[in-house]
Amino acid sequence: MATFLYRLGRGAFRRRGLVALIWVALLFAAGFGAASASAPTSGSFSIPGTEAQKAFDVLDKKFPGMAADGATARIVIKAPAGAKVSDPEPKAQVEKIVEDLKSGPGKDQISSVADPYQSQAVSQDGSTAYISTKYKVSGMELTDATRDALKESGKDAQAKGLTVEIGGDALMAAPETGSGEIIGIAIAAIVLVITFGSLIAAGLPLLTALIGVGIGVSSITALANVLDLGNTTSTLAMMIGLAVGIDYALFIVSRYRAELAEGRERDEAAGRAAGTAGSAVVFAGLTVVIALVGLAVVNIPMLTKMGFAAAGTVVIAVLVALTLVPAILGFAGKKVLPAGEKSKLFGKGKPAGAEKKANGGTRWARFVLRRPVMVLLAGVIGLGIIAIPASKLEMGLPDDGAQPVSTTQRQAYDMLSDGFGPGFNGPLMVVVDGDKALADRTVERIKGLEGVAAVMPPMPNEAGDASMISVIPKDRPSSTQTENLVHTIRDGSGGDVMVTGATAMNIDFSQKMNDALLPYLALVVGLAFLLLMLVFRSILVPLKAALGFLLSVVAALGAVVAVFQWGWLGSLFGVEQTGPIMSMMPIFMVGVVFGLAMDYEVFLVTRMREAYVHGERPGQAVVTGFRYSARVVVAAAVIMIAVFAGFIGASEQMVKMIGFGLAVAVFFDAFVVRMAIVPAVLALLGHKAWWLPRWLDRLLPNVDVEGESLRRHLKDEAGSSEGPDKDRELVNV
């Protein structure tokens, strides 16, 4: 592989005009396809094998024309102190809101608007009422006119002294991330400039990453409606594509500059960078693809599509790093070198091959080699203590109660809780697949259950062979009591009585994610273990990589629980409401962080393996790996931490949680596991770290990431070369 990638990189460098033209053409083609495609919708959401999904399927069949997954809105109205919503003036304003919704802009997307005085949606003390509005499409498919009409519906009532707030998913919109992401990108640019000492070299990874992400995301947008990808699929692809795109280009450019420092010609340096660092990029990319494609084991179509789409973007990032990066290096010339001959970052103007002062990576590696036990214990115990809160992890999907208190959704949630009870924010929908007699018996049974605040009369379909029953729990939707109530209703019912609705769907989704976590971990860690065994020709090195990754992920989950579930330092990160951890968080974190962790592992340890294979002792090989790779790994990690930390400033609690969790996980994995625990373990293992049984060594194919076959190939070529014609022949292979 190293020889093939060497030829590919040197060929791309020499034919840089053609290579750049191809990539630019692909970018324009993908962009044209995205611009020509119709706007993506929210995509279909289903959870195969769950009772909530089975109930939705019954609703689609027995209640034709009713959009079971349509958006809902609750306009909550509260009368001024001392007044009631049933008083003539407040009542007139409430009825005006109902009429405006039925006849105003967006009425074509409305399925029904319930008058609170007819639907018994007035609190017992008469202070609060709510208008239930059902839409024909999901929240993401509502037009701006429909959403604006909903927002404006209570303005007149507010002017008359009533309090009007709006809850439900009809106001669903892309969360605002504020300036955090921009700051994260700016920090990434600064880190690249400090790392390379050159604006051109710093801008190159950003440019190529943006081109790769542009092609990937534009392709997803162009195919979104055809493949039912939905409008949220590109979010994961953009996040992962940008992360690995910068990392991979950073690795190639760093190795290219190292080869130039050895005195090699530019095209030869580009070829060698692609053959060595490029090999690490290929296998690091494979681990990311495994983690993303592995999301299919969860058996939730939306997650599967998101994983495959993001994996496609990673493949594009790998191809960009192997071809477009060498091509742009050809255009950049010597501008990728540090500005000034006396750069303090790069040798202080000393000639190539001169003795240089040990850099920070070398000094740190030597420190770890002198005290491996102390460093190992400090890293493991420290992460272990931080991981303790993970044992109390509670998973669920946050509702409007987790929104910032300044939002209308949160205020509507609180007003409903105060006026009607917490359970009104998460009613259960019981679907009876049977006649009216079965529905009546079901109502009587549910009324006698603990935790039930109210049960509405059954609503039969036209054929009379199915009914819907609305059940109001006593407790809030995300509470353990409500979850227990859902299970109690299900346990005492036959297969013809099912519980669904947003609350039940969230419970089933969380359970599905929980059940899939261990199989998913086993799949991605197992496949990656085999892949790393191929790369490093070792059993203990991949085992150490997998265990270290698990330690960093559990520690990151512990930090997430402490901040978002327990509220520790919550005000520092803008956490306004504690609650269960989003059920997607563990698997999402495993997939993303696993890919990035293996990037750092492959790039760092490949340099050690390369030095060891070429005759260095185990300890010296660790020092060599850190001398050449530590700066790049640290830079890549800081960039990713900055990018992910940018999401902490988002207004949406889920986005904030994801940003915090990923930033902390990358910090733990890069700086504690890869930079401390890994060299400590390798120092203690010595030669045993690179041991592989002979019978297994014969069975495994030799992928030669360290470039030994490339060195032999180049040596043979140099010995048999008869002039420049031989070089041209090599390029054309």
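Note: the structure precedes this text.
Quick caveat, the model's predicted, so the values are computed rather than measured.

A.B. asks: I'd like to hear about the overall build of the protein, residue by residue, with values.
C.D. replies: Helix and strand content of the protein: 24 helices and eleven strands. A total of 733 residues make up the protein; the buried ones form 55% of that total. Here the analysis covers contacts within the protein between residues at least 6 apart in sequence; of these, 79% occur between residues at least 24 apart. Accessible surface, the protein: about 31300 Å² in total, of which carbon and sulfur atoms supply 60%.

A.B. asks: Can you break down the sheet that holds strand 3 (residues 128-135) residue by residue, with the values?
C.D. replies: Across the sheet, which stays open at both edges, the four strands sit in the order 2-3-1-4 with antiparallel pairing between neighbours. Each edge of the sheet is formed by a strand with only one pairing partner; in this case those strands are strand 2 (110-114) and strand 4 (163-167). Taking each pair of neighbouring strands and ignoring which way they run, the sheet shows an average axis angle of 15°. Relative to strand 3, strand 2 is paired through four bridges, and the arrangement is antiparallel. Residue pairing across strands places S112 opposite K134, the latter belonging to strand 3. Sitting on the sheet, helix 4 (residues 88-103) touches strand 1 (72-78), strand 2 and strand 3, and the angle it makes with strand 3 is about 5°. On top of the sheet, helix 14 (residues 408-420) reaches strand 1, strand 3 and strand 4; it is set at about 110° to strand 4, its chief contact.

A.B. asks: Tell me about a positive patch on the surface, and please be specific about residues and values.
C.D. replies: Side chains of R366, R370, R371 and R627 sit close together on the surface and give a patch of like positive charge. Here R366 lies in helix 12 (residues 360-370). Here R366 falls in the partly exposed class, since its relative accessible area comes to 38%.

A.B. asks: Can you tell me about a nonpolar patch on the surface, naming the residues and giving the values?
C.D. replies: Residues V373, L377, I381, I385, I388 and L684 make up a contiguous nonpolar surface patch of roughly 570 Å² in combined accessible area. If one sorts the elements of the nonpolar patch by residue count, helix 13 (residues 372-387) sits on top with four residues. For I385, the position within the fold is in helix 13. For I385, a relative accessible area of 54% puts it in the exposed group.

A.B. asks: A description of helix 11 (residues 301-332) should follow, citing residues and the corresponding values.
C.D. replies: Counted at 1.5 Å a residue, the expected span for helix 11 with its 32 residues is 46 Å, and the 44 Å between its end C-alpha atoms agrees. At V320, helix 11 shows its largest bend, some 40°. Most of helix 11 is tucked away: 24 of the 32 residues are buried. Downstream of helix 11 by one or two residues, G333 has phi in the positive range, about 65°.

A.B. asks: So, the side chain of D508: which residues are in play, and what are the values?
C.D. replies: Counting through the fold element by element, D508 comes out in helix 17 (residues 502-536). If near-sequence neighbours (up to four positions away) are discounted, D508 is found in contact with T50, E51, A52 and R490.

A.B. asks: Just give me the short version of unusual backbone geometry, but keep the residues and values in it.
C.D. replies: Even without glycine at this site, N299 takes up a positive phi of about 65°. Note that N299 resides in the loop between helix 10 (266-293) and helix 11. Here N299 falls in the partly exposed class, since its relative accessible area comes to 41%.

A.B. asks: Could you give me a rundown of the packing of helix 2 (residues 16-36) against helix 8 (residues 199-223), with the residues and numbers involved?
C.D. replies: Where helix 2 contacts helix 8, the two axes come as close as 8 Å, and the packing angle between them is 30°. With respect to their mutual orientation, helix 2 and helix 8 come out roughly parallel. For the crossing formed where helix 2 meets helix 8, the hand is left-handed. Contact with helix 2, carried on its side by W23, L26, L27, A30, G31, G33 and A34, involves I211, G214, I215, S218, S219, T221 and A222 of helix 8 and no other residues of that element. Residues that form the contact of helix 2 with helix 8 fall into these classes: eight nonpolar, six polar and no charged.

A.B. asks: Describe in detail the pattern of salt bridges, supporting the description with residues and values.
C.D. replies: Evaluation of the coordinates by the stated rule reveals 18 salt bridges. Between E259 and R264 there is a salt bridge, and its shortest N-O distance comes to 2.6 Å. A relative accessible area of 27% places R264 in the partly exposed class. One salt bridge in this structure joins R537 and D697, with 2.7 Å as the shortest N-O distance. On the criterion of sequence distance, the pair formed by R537 in the loop between helix 17 and helix 18 (540-565) and D697 in helix 22 (residues 694-699) is long-range, its members being 160 residues apart. Take D697: its relative accessible area is 35%, and that puts it in the partly exposed class.

A.B. asks: I'd like a rundown of the pairing of strand 9 (residues 467-473), residues and numbers included.
C.D. replies: For strand 9, a buried count of six out of seven residues is recorded, marking the element as mostly surrounded by other parts of the structure. Of the pairings in the sheet, the one linking strand 6 (residues 428-432) to strand 9 comprises five bridges and is antiparallel in character. Residue pairing for strand 9: L428 is matched across the bridge by V471. Here strand 8 (residues 459-460) folds back onto strand 9 in antiparallel fashion, the turn holding six residues, of which G464 has a positive phi close to 75°.

Each value, and the rule that gives it
- Residues numbered from 1 in each chain as written.
- Predicted model: local features only at pLDDT ≥ 70, side-chain atom pairs only at ≥ 80, totals over all residues.
- Heavy atoms only, no water.
- Helix = DSSP H or I, 4+ residues; strand = E, 2+ residues; numbered from the N terminus.
- Buried < 20%, exposed > 50% of the residue type's maximum accessible area, 1.4 Å probe, protein only.
- Contact = heavy atoms within 4.5 Å.
- Areas by Shrake-Rupley, 256 points an atom, 1.4 Å probe, with all protein chains shown as cover.
- Pairing = 2+ DSSP bridges.
- Axes fitted to C-alpha atoms, helices over the stretch in contact; angles between N-to-C directions.
- Patch = residues over 30% accessible without salt bridge, like charges linked within 9 Å, V, L, I, M, F, W, Y side chains within 5 Å.
- Salt bridge = Lys/Arg side-chain N within 4 Å of Asp/Glu carboxyl O.
- Lys, Arg positive; Asp, Glu negative; His and termini not counted.
- Charge placed at Lys NZ, Arg CZ, Asp CG, Glu CD.
- Expected span 1.5 Å × (residues − 1).
- Bend = angle between axes of the 7 residues up to and from the residue.
- Parallel < 35°, antiparallel > 145°, perpendicular 65-115°, else oblique.
- Left-handed = near helix turned anticlockwise from the far one by under 90°.
- Nonpolar A, V, L, I, M, F, W, Y, C, P; charged D, E, K, R; others polar.

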